[in-house]
Amino acid sequence: MRLLITGFEAFGKDVINPSQLLLERMPKTIQNAQIDTLLLPVAGAQALTLIEKQVLAVSYDVVLCLGQAGGRDALSVERVAINLDDYPIADNAGIQPIDEMIMADGEPAYFSDLPIKAMVHLCREAGVPAIVSNTAGTYVCNHVMYGCAYLKRKHHLHYRNGFVHVPYLPSQSDHLPSMELGVMEQGICAMLTAIVSNRKKGKETEGALC
């Protein structure tokens with residue numbers, strides 16, 4: 001099995017991005033599965049171009065993207081990405097689409113086909129806070145999650161894909177929730193274990209009232 005893990009460079013007012021630091025700490029293998037990493041620019045079109053080039057060059061079983069979500073207090077496994085760009089700030093290429101479709105010929109939304117509840121469950125077993133999230137936002141993270149699913153269908157590829165948002169590091173904020181990098185690393189590795197071992201979780205809700 002071969003996995004591609006992506007992360008993002010810093011954006012906005014931040015000078016670091018924990019998803020980039022996590023890439024630097026990823027093991028080369030996990031349960032005999034090979035892990036490749038790819039750092040992405042925080043620019044939707046450019047990021048998807050890099051991913052497309054990579055998945056066409058290498059046959060992957062899984063593409064898991066990581067990104068920062070400041071203000072969240074747990075590792076957030078995204079359930080769905082929507083076909084919408086509505087950027088609250090410009091990306092690092094200076095582009096700020098508002099109410100625009102990501103792909104004119106794409107579906108309204110694509111769901112992750114990773115074992116998201118098993119990922120959350122194993123992460124919690126490792127002592128790391130984790131949730132299933134029902135919104136990946138409308139910024140570059142959502143763009144990339146949606147784009148990975150779109151590219152899979154466009155090129156008739158067979159990888160499973162998904163997205164995990166990670167909180168701020170303590171050094172990034174003194175008033176918003178944060179998580180130590182080592183704790184994030186432990187949680188992501190637990191999630192990768194769930195993916196590689198194809199863990200299943202029985203009927204157990206991870207829904208939200210609002």
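Figured I'd write up the structure that's included with this text.

**A short note on the overall build of the protein**
Now for step 1: In terms of regular secondary structure, the protein is built from five helices and nine strands.
Now for step 2: Walking the protein from its N terminus toward its C terminus, one meets helices and strands in the order β-α-β-β-α-β-β-β-β-α-β-α-β-α.
Now for step 3: Here the C-alpha atoms of the protein give a radius of gyration of 16 Å, agreeing with the 17 Å that 2.2 N^0.38 yields for 210 residues.
Now for step 4: With the principal axes as the frame, the protein shows a C-alpha extent of 45 × 40 × 35 Å.
Now for step 5: Across the 210 residues that make up the protein, the buried fraction comes to 52%.
Now for step 6: Intrachain contacts of the protein at a sequence separation of at least 6 include 78% that bridge at least 24 residues.
Now for step 7: For the protein, the exposed area adds up to about 9800 Å²; of that, 53% sits on carbon and sulfur atoms.
Now for step 8: Computed over 17 positive and 22 negative side-chain charges, the inter-centroid distance for the protein is 9 Å.

**Here we look at unusual backbone geometry**
Now for step 1: The phi dihedral of Q31 falls on the positive side, at around 50 degrees, and the residue is not glycine.
Now for step 2: Within the fold, Q31 resides in the loop between β2 (29-30) and β3 (33-40).
Now for step 3: Despite not being glycine, H156 shows a phi value in the positive range, around 55 degrees.
Now for step 4: Along the chain, the position of H156 falls in the loop between α4 (140-154) and β9 (160-166).

**A look at the packing of aromatic side chains**
Now for step 1: The final tally for this structure, using the stated rule, is three aromatic pairs.
Now for step 2: Between F11 and Y139, the aromatic rings sit 5.8 Å apart at their centres with planes inclined by 45 degrees, giving tilted as the arrangement. Of this pair, F11 sits in the loop between β1 (2-8) and α1 (18-25) while Y139 is found in the loop between β8 (130-133) and α4, placing the two residues 128 residues apart along the sequence. As far as the burial class goes, F11 and Y139 line up, both buried.
Now for step 3: Consider the rings of Y87 and Y139, whose centres lie 4.8 Å apart with planes at 70 degrees: the pair is edge-to-face. Taken together, the residues span a long stretch of sequence, with Y87 in the loop between β6 (80-82) and β7 (109-111) and Y139 in the loop between β8 and α4 at a distance of 52 residues.
Now for step 4: Members of the aromatic cluster, joined through ring pairs, are F11, Y87 and Y139.

**Points about α4**
Now for step 1: The terminal C-alpha atoms of α4, which comprises 15 residues, lie 20 Å apart, in line with the 21 Å expected from a rise of 1.5 Å per residue.
Now for step 2: When you tally the buried positions in α4, you get 13 out of 15 residues, the bulk of the element.

**A few points about the pattern of salt bridges**
Now for step 1: Inspection of the entire model under this criterion finds five salt bridges.
Now for step 2: As a salt-bridge pair, E52 and K154 come within 3.5 Å of each other at their nearest N and O atoms. In this pair, E52 sits in helix α2 (residues 44-57) while K154 sits in helix α4, placing the two residues 102 residues apart along the sequence.
Now for step 3: Between K152 and D113 there is a salt bridge, and its shortest N-O distance comes to 2.7 Å. Pair noted here: K152 is in helix α4 and D113 is in the loop between β7 and α3 (116-125), with a separation of 39 residues, a long-range link.
Now for step 4: On the basis of relative accessibility, which here comes to 7%, the residue K152 falls in the buried class.

Rules used throughout
- Residues numbered from 1 in each chain as written.
- Predicted model: local features only at pLDDT ≥ 70, side-chain atom pairs only at ≥ 80, totals over all residues.
- Heavy atoms only, no water.
- Helix = DSSP H or I, 4+ residues; strand = E, 2+ residues; numbered from the N terminus.
- Rg over C-alpha atoms; globule rule 2.2 N^0.38 Å.
- Buried < 20%, exposed > 50% of the residue type's maximum accessible area, 1.4 Å probe, protein only.
- Contact = heavy atoms within 4.5 Å.
- Areas by Shrake-Rupley, 256 points an atom, 1.4 Å probe, with all protein chains shown as cover.
- Lys, Arg positive; Asp, Glu negative; His and termini not counted.
- Charge placed at Lys NZ, Arg CZ, Asp CG, Glu CD.
- Phe/Tyr/Trp six-rings, centres within 6.5 Å; stacked < 30°, edge-to-face > 60°.
- Expected span 1.5 Å × (residues − 1).
- Salt bridge = Lys/Arg side-chain N within 4 Å of Asp/Glu carboxyl O.

Function-wise, these values are silent; they only describe arrangement.
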